[in-house]
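This is what each chain is made of:
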Amino acid sequence: MTGTSTTKTVLSGIQPTGGAHLGNYLGALRWWVDFQDRYNAYYCVVDLHALTVPGEPEELRRSTLDMAALLLACGLDPDRCTLFVQSHVRQHAELAWLLQCTASMGELGRMTQFKDKAAKVGYESARAGLFTYPVLMAADILLYDTDVVPVGDDQRQHLELTRDLAQRWNARYGQTFTVPGAAIPPAGGGARIMDLQEPERKMSKSATSDAGVVYLSDDPGALQRKIKRAVTDLDPPGPGAVRWDREAKPGVSNLLELLAALRGGDPAELAKDYESYGPLKADVAAAAIEALGPVQERYRTLQADPSAVLDVLRHGAAQASAKAEETLERARRAVGLLAR
Ligand code: ATP
Ligand code: LTN
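Residues numbered from 1 in each chain as written. Chains lettered and ligands numbered in written order. Predicted model: local features only at pLDDT ≥ 70, side-chain atom pairs only at ≥ 80, totals over all residues. Heavy atoms only, no water.

Asker: Can you help me understand the nonpolar core in this one?
Answerer: One broad rule of soluble globular proteins: the nonpolar side chains tend to lie buried together. Core analysis: the biggest nonpolar cluster contains 61 residues, and Leu22, Leu29, Tyr43, Ile227 and Leu280 have the highest contact counts within it. For this core, the element with the highest residue contribution is helix H12 (residues 277–303), accounting for nine residues. Each residue touching Tyr43, except ones within four places of it in the same chain, is listed here: Val10, Ser12, Trp31, Trp32, Phe35, Gln36, Leu76, Cys81, Thr82, Leu83 and Phe84. In terms of nonpolar packing, the next biggest core, distinct from the first, is built from 40 residues, Leu11, Ala126, Leu165 and Ala317 among them. (Core = buried A, V, L, I, M, F, W, Y, C linked by side-chain atoms within 4.5 Å. Buried < 20%, exposed > 50% of the residue type's maximum accessible area, 1.4 Å probe, protein only. Helix = DSSP H or I, 4+ residues; strand = E, 2+ residues; numbered from the N terminus. Contact = heavy atoms within 4.5 Å.)

Asker: Can you help me understand the packing of aromatic side chains in this one?
Answerer: Each aromatic ring pair is specified by the distance between its two centres and by the angle formed by the two planes. Per the counting criterion, the structure on display carries eight aromatic pairs. The interplanar angle of 45° and the centroid separation of 5.8 Å between the aromatic rings of Phe84 and Tyr144 together place this pair among those described as tilted. Of this pair, Phe84 sits in strand S3 (residues 82–85) while Tyr144 sits in the loop between helix H7 (128–142) and strand S4 (148–150); the two residues are 60 residues apart in sequence, bridging distant segments of the chain. Across the pair, exposure class does not vary: Phe84 and Tyr144 are buried alike. (Phe/Tyr/Trp six-rings, centres within 6.5 Å; stacked < 30°, edge-to-face > 60°.)

Asker: Before we go on, may I ask you to explain the site of ligand 1 in this structure?
Answerer: Neighbouring ligand 1 are 22 residues, the closest being Asp154, Ile193, Lys202, Ser204 and Lys205. Asn24 places a polar side-chain atom, nitrogen or oxygen, 3.0 Å from an oxygen atom of ligand 1. One of the side-chain nitrogen or oxygen atoms of Lys205 is found 2.7 Å away from an oxygen atom of ligand 1. The protein chains hide 97% of the 600 Å² of surface that ligand 1 would expose on its own. No other element matches the four residues that helix H1 (residues 22–35) contributes to the shell around ligand 1. Within the shell around ligand 1, the residues separate by chemical class into six nonpolar, 11 polar and five charged. (Near = heavy atom within 4 Å. Polar contact = N/O pair within 3.5 Å; in protein donor to acceptor, adjacent residues only side chain to side chain. Areas by Shrake-Rupley, 256 points an atom, 1.4 Å probe, with all protein chains shown as cover. Nonpolar A, V, L, I, M, F, W, Y, C, P; charged D, E, K, R; others polar.)

Asker: How should the packing of H7 against helix H8 (residues 156–173) be read in this particular structure?
Answerer: Think of two packed helices as two axes; the pair is described by the angle between the axes and how far apart they sit. Their axes nearest at 9 Å, the elements H7 and H8 cross at an angle of 70°. In this view, H7 runs roughly perpendicular relative to H8, as classed from their interaxial angle. Two packed elements cross with a definite hand, and for H7 against H8 that hand is right-handed. Residues Tyr133, Pro134, Val135, Met137, Ala138, Ile141 and Leu142 of H7 form the contact with H8, whose participating residues are His158, Leu159, Leu161, Thr162, Leu165 and Ala166. Residue composition of the contact of H7 with H8, grouped by class: 11 nonpolar, two polar and no charged. (Axes fitted to C-alpha atoms, helices over the stretch in contact; angles between N-to-C directions. Parallel < 35°, antiparallel > 145°, perpendicular 65-115°, else oblique. Left-handed = near helix turned anticlockwise from the far one by under 90°.)

Asker: Any chance you could explain the site of ligand 2 here in plain terms?
Answerer: Around ligand 2, the surrounding shell holds 14 residues, and the nearest of these are Gln15, Tyr133, Met137, Asp140 and Gln155. One of the side-chain N or O atoms of Gln15 is found 3.2 Å from an oxygen atom in ligand 2. In this structure, a nitrogen atom belonging to ligand 2 sits 2.7 Å away from a side-chain N or O atom of Asp140. When the free accessible area of ligand 2 is taken as 370 Å², the share hidden by the protein chains comes to 92%.

Geometry only, nothing functional implied.
Take a look at the structure:
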């Protein structure tokens, strides 16, 4: 780690529920890579969060390791950040319990991600962990005295809850936690990439169909096909057909946002270069292939050497545990648990 005591701390997490997609990359992962050099950086694969929805044990094991390899392939460097698996640092689950006893049913019930995911399986059979999940996320963040949390726009509400929990705790039990802030990409900068087939829904690992989700592991052929078939609208070609208007033209605006996030620039400005959808799609596909090519190459190399990835994770967990234990002990004392 390159951090010093005056360097601010960054932490973020990603679930190993299926492969990472362009939304994850543009909304979060590329910022993680960027932030390694400016912050004391902790990044984790949040496997405990993945248990909130049904899945196969063997699949979870495989996808946790795969996700770690993909993060390294995206550019995380174990010499410049601490990369670990959430369940390897037991303090996360323990702090989550302490925080659950300061969170209210009402505030957790208002979380839109809970409402969406519980509605999918039916409220009665939704796992209790799905309900308390945002508190585990708060524990992930608060354990490391985190200042900054780089996430996509969909995590704004969870970050707000984390801040509320930390402030409430500090007011009730005395100064214990650093109150974190969110680092969400600017509007038009990849904070909320939409599904290519259903541009009113966010691109998601748990989408029902893969057709509108561009995975970081998609080969150039698949990538081109998915982008070519992206839903747009029936406006005829001509001046003004391609414009940045999320309400009236969600599909086209999403393509412009993808291009802006991949190549740099402003989506409304980029729109002026196009009069029809075909050339825009071709440019988005080319930009995605260019950005993902090197990531895929490194991913293949890392996949061939799982023990090297495991070594990184073991080392990361040891580093993270030391910091996490310090904070947890502070919290245990503050809340009145008897010292061991
Ligand atoms: P799931 O749909 O299974 O909940 P997900 O695709 O939302 O998964 P996460 O692991 O929950 O992925 O998110 C990892 C990071 O990627 C988070 O910071 C999240 O905000 C960001 N992210 C997820 N989807 C998008 C998206 N469509 N656009 C921009 N950022 C996104
Ligand atoms: N809840 C987040 C994933 C997540 C996370 C975190 C993000 C779990 N713990 C800590 C930032 C910091 C999600 O669903 N994208």
